[in-house]
Amino acid sequence: MDIASPISLLPSADSRYLNRELSWLDFNGRVLALAEDPATPLLERAKFLAIFGRNLDEFFQVRVSGLKEQASAGVGVATPEGMTPREQLAGIRERVASLIERAGALLTGEILPALEKAGIRILDWQELGESDHAELDRVFGARMFPVVTPLSVDPSHPFPYISSLSLNLAAVVRDPMTGHRRFARVKVPPLLERFVALADGQRFVPIEQVLAAHLDLLFPGMEIVSHHVFRVTRDADMDVEEDEAEDLLAAIETVLVRRRRAASPVRLEVDSSITDEVRGLLLRELELDADDVYEVHGLLDLVSLWSIAGLDRPDLKDEVFAPVTQARLGGDPPPDIFAVLRGGDILVHHPYDSFSSSVEAFVEQGASDPDVLAIKQTLYRTSADSPIVRALIGAAESGKQVVALVELKARFDEQANINWARALEQAGVHVVYGVAGLKTHAKTCLIVRREDAGIRRYAHIGTGNYNPRTAGVYEDLGLLTADPEIGADLTDLFNLLTGYSRQRDYRKILVSPISMRPRILELIDREAQAPDGSITLKMNSLVDADMIDALYEASQAGTQVQLVVRGICCLRPGLPGLSERIHVRSLVGRYLEHSRIFRFGSAARGFDHYFGSADLMPRNLDRRVEAMTPVTDPLLEARLDEILEVSLADDALSWELASDGRWHKIPTVRDMNAQQVLQGSAAERARGEG
């Protein structure tokens, strides 16, 4: 299987780089391929379709909206691979049209029939019998009619605001007395279930079809001429002038309100039955172009398939995997985690290792330990019922010094983080919002404890958020340590984040935008100079042109470069004379590969290992506060090597990037699934065998 760019839209063959936006769409194509794989359990296929849809929504909200702004402003500057904003939008248009055609064909041609065979039927109104219609008539009258508001459009009723990602019916009605035709909009209330369950609990009807069947009750006395489902996507990016905002929290709230009510439309999705009349009216009122319209054959809003994927049918899902607790952290009662760390560092690998018995236990023990004096924590994204935030609140209420850096600009989590910031402040936590002009993306926690030998610092540095929900589905790493130098480094880092500091020198950790870029470039160059140079990097995205050029130079010097890049990759591997020693693969599977691991060196000379929160993107290296930690314990280094080697040996989940920019599924010969192998390794650690 290939995921290929249409040849006309590929960057020129002599370009050193691939386009980041088209590369991201290729990644979403690999997600869609998981839904297309008949070996994937059926409800997992529905889940991956929902993830594909959500990814595409966010892509339009952020990336396409930004390109449209550049194009409207007349920006003609090309990106490194030579594409202007307008050329990128044209490429995106063609690529997305192909993807949604694939997704629609998959849903109607495979997923829905397979669900029906399994006893789960998503039916059209026309397929139902009289008794079902009568049942849904009662449901409409009791649950829908009271909350649905039809909005007409005429000289006294202006075109209504269409909220982003809402599902809507466009109805054309005719007054039988005057013969006048009018347009009306019916919004599907988001508080109602997307699929209306019939009494047997196994059959479902899309809610828009139930509403459409009752339009005569919403427009009594009018003739229903036609109705069509549509959905609008709006710009969701934020632009906050931090230097001018005296209260950043209030400024973010203002922007959120403005985003909800005044964000520009960037995409219109319509069902295939839409008439030219209604399409034209929507385009005119939304001020969109014909190229902004995407016609969908089948169900609009694939994200809603989450509710189907969540049905209680374990026979149609992946076998449940329970995260394990490492032997050193196990026991009843659980051990003193600080005593454990005084005996040596712990590397945790989620979702294989339990988040609750490691990272959560670390913070919770710190919050309840009377000898702990202070806890300092970064919070980028967390869950709605976060045990870690509750622990921080409890620690503050017990008199400990607690500092929480809450990143208010974490996209799509701004409101949740505002709510947590207020709750933390009310409990007496010192809440800060970081350094002006920089997002704080680092995943760090520092606990300061009073002990007989004096003050000792304990730390956690990770690749993932302090979020127990995502820790169950995102592959991430964390280091728990009592290393005094790392503790001192995090003290300096938090002083930078909470006060006035020009700290530039750190003992061990790499910090962006200060020391990370130069150190990584130095390590790449070191390998380029070595006769046995070797570089292995695992990350989410590779975009930064300087880093790509440095890897090209290393390849030209004879260095072997292995890259595992889940998402965007702008490097073009395998070009003669430039990158023939660079190999790029991507793992896309049950768990979202999220860790960043960088390894430099050889078996003969030894290795330098780092992991942390930063991808090799300009935003991570230059516009965010990020932290990466070295790993020097030989046992933990061996663990990182295992993750890298297993990822490079996988032939069940892996894709390979060719020099022409196309991704190819690696043939499955040994059926070596990296995620299953790492599950087994975690079980061995829990038994104390590894």
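For the structure, see preceding data.
The structure contained in this document is the topic of the report that follows.

1. Brief notes about the packing of aromatic side chains
No. 1: Under the criterion given, the structure shown has 10 aromatic pairs.
No. 2: When the ring of Trp24 is compared with that of Phe27, the centres are 6.3 Å apart and the planes differ by 65 degrees; the resulting orientation is edge-to-face. Taken as a pair, Trp24 and Phe27 lie in helix H1 (residues 20–36) at a separation of 3 residues, close to a single helical turn. Summarising the burial analysis for this pair, Trp24 and Phe27 share the class buried.
No. 3: For the pair Phe321 and Tyr352, a centre-to-centre distance of 6.4 Å together with 65 degrees between the ring planes defines the contact as edge-to-face. Remark: Tyr352 occurs in the loop between strand S11 (346–350) and helix H11 (356–368) and Phe321 occurs in the loop between helix H9 (305–309) and helix H10 (337–342); sequence separation between them is 31 residues.
No. 4: For Tyr352, a relative accessible area of 0% translates into the label buried.

2. Quick word on the sheet that holds strand S2 (residues 121–122)
No. 1: Strand order in the open sheet formed by 3 strands is S2-S7-S6, with mixed pairing between adjacent strands. Of all the strands in the sheet, the pair left with one neighbour each is S2 and strand S6 (195–197).
No. 2: Taken together, the 3 bridges between S6 and strand S7 (residues 203–206) define a ladder with antiparallel strand orientation. Looking at the pairing, Val196 lines up with Val205 of S7.
No. 3: On top of the sheet, helix H4 (residues 130–144) reaches S6 and S7; it is set at about 115 degrees to S6, its chief contact.

3. Brief notes about the sheet that holds strand S9 (residues 265–271)
No. 1: Across the sheet, which stays open at both edges, the 6 strands sit in the order S3-S5-S4-S8-S9-S10 with mixed pairing between neighbours. The sheet is open, and its two borders are formed by strand S3 (150–153) and strand S10 (293–296), each paired with just one other strand. For this sheet, the mean angle separating the axes of adjacent strands, direction not counted, is 30 degrees.
No. 2: In terms of strand pairing, S3 meets strand S5 (residues 181–187) through 4 bridges, oriented antiparallel. Residue Ser152 lies in a different strand from S5, and its bridge partner there is Ala184.
No. 3: Helix H2 (residues 42–72) contacts strand S8 (223–234), S9 and S10 of the sheet and is inclined by roughly 135 degrees relative to S9.

4. Regarding the pattern of salt bridges
No. 1: For the coordinates displayed, the defined rule picks out 49 salt bridges.
No. 2: The residue Arg519 makes a salt bridge to Glu522 at a minimum N-O spacing of 2.5 Å. You can see Arg519 and its partner Glu522 sitting in helix H15 (residues 516–529), 3 residues apart, about one turn around the helix.
No. 3: Look at Glu522 and you get partly exposed, because its relative accessible area is 46%.
No. 4: A salt bridge links Asp660 to Arg662, with the nearest nitrogen and oxygen atoms 3.2 Å apart.
No. 5: For Asp660, a relative accessible area of 31% gives the class partly exposed.
No. 6: Exposure remark for Arg662: the relative accessible area of 18% places this residue in the buried category.
No. 7: Salt bridges sharing common partners tie together Arg342, Asp369, Asp371, Arg449, Arg450, Glu451 and Arg456.

5. Description of the state of the cysteines
No. 1: Tallying each qualifying case throughout the model produces 0 disulfides.
No. 2: Distance from the sulfur of Cys570, which forms no disulfide, to the nearest cysteine sulfur (Cys569) is 6.9 Å.

6. Observations regarding the pairing of strand S24 (residues 596–602)
No. 1: Along S24, 7 of the 7 residues are buried, which leaves the element largely enclosed by surrounding structure.
No. 2: One ladder, built from 4 bridges, connects strand S20 (residues 534–539) with S24; its direction is antiparallel. Bridging across to S24, Ile535 finds its partner in Phe600.
No. 3: Alignment of S24 against strand S25 (residues 606–612), held across 7 bridges, turns out to be antiparallel. Looking at the pairing, Ile597 lines up with Phe611 of S25.

7. Considering the packing of H1 against H2
No. 1: In contact at an axis separation of 8 Å, H1 and H2 are set at 165 degrees when each is read in the N-to-C sense. With respect to each other, H1 and H2 are oriented roughly antiparallel. The hand of the H1/H2 crossing is left-handed. Of H2, the residues touching H1 (which contributes Arg20, Glu21, Trp24, Leu25, Phe27, Asn28, Val31, Leu32, Leu34, Ala35 and Glu36) are Arg45, Phe48, Leu49, Ile51, Phe52, Asn55, Leu56, Phe59, Arg63 and Leu67.
No. 2: Of the residues in the contact of H1 with H2, the class split is 14 nonpolar, 2 polar and 5 charged.

8. A short note on the nonpolar core
No. 1: Counting residues in each nonpolar core, the largest one holds 85 residues, and the members touching the most others are Leu49, Leu542, Leu551, Leu563 and Leu571.
No. 2: At 12 residues, H2 tops the list of elements feeding residues into this core.
No. 3: Leu446, Leu490, Val625 and Val646 belong to the second-largest nonpolar core, a separate cluster that totals 45 residues.

9. Some words on helix H19 (residues 674–686)
No. 1: For H19, spanning 13 residues, the distance from its first C-alpha to its last is 19 Å, which sits close to the expected 18 Å at 1.5 Å a residue.
No. 2: If you check which residues of H19 are buried, you get Ala674, Gln675, Leu678, Gln679, Ser681, Ala682 and Arg685. Considered in projection along H19, the buried side chains sweep an arc of 160 degrees and stay on one side of the axis.
No. 3: On its buried face, H19 sits against S11, strand S22 (582–587), strand S23 (592–593) and helix H18 (634–649).
No. 4: With a side-chain oxygen positioned 3.0 Å from the backbone nitrogen of Gln675, the residue opening H19 is Asn673.
No. 5: Once H19 finishes, Gly688 follows within two positions and takes phi at roughly 80 degrees, a positive value.

10. So, the side chain of Asn465
No. 1: Within the fold, Asn465 resides in the loop between strand S17 (454–462) and strand S18 (474–481).
No. 2: One polar contact links Asn465 to Lys443, side chain to side chain, over a distance of 2.7 Å.
No. 3: Excluding anything up to four places from it in sequence, Asn465 contacts Phe355, Tyr380, Arg381 and Lys443.

Reading the values: the criteria
Residues numbered from 1 in each chain as written. Predicted model: local features only at pLDDT ≥ 70, side-chain atom pairs only at ≥ 80, totals over all residues. Heavy atoms only, no water. Phe/Tyr/Trp six-rings, centres within 6.5 Å; stacked < 30°, edge-to-face > 60°. Helix = DSSP H or I, 4+ residues; strand = E, 2+ residues; numbered from the N terminus. Buried < 20%, exposed > 50% of the residue type's maximum accessible area, 1.4 Å probe, protein only. Pairing = 2+ DSSP bridges. Contact = heavy atoms within 4.5 Å. Axes fitted to C-alpha atoms, helices over the stretch in contact; angles between N-to-C directions. Salt bridge = Lys/Arg side-chain N within 4 Å of Asp/Glu carboxyl O. Disulfide = S-S within 2.5 Å. Parallel < 35°, antiparallel > 145°, perpendicular 65-115°, else oblique. Left-handed = near helix turned anticlockwise from the far one by under 90°. Nonpolar A, V, L, I, M, F, W, Y, C, P; charged D, E, K, R; others polar. Core = buried A, V, L, I, M, F, W, Y, C linked by side-chain atoms within 4.5 Å. Expected span 1.5 Å × (residues − 1). Arc of directions from axis to C-beta. Polar contact = N/O pair within 3.5 Å; in protein donor to acceptor, adjacent residues only side chain to side chain.

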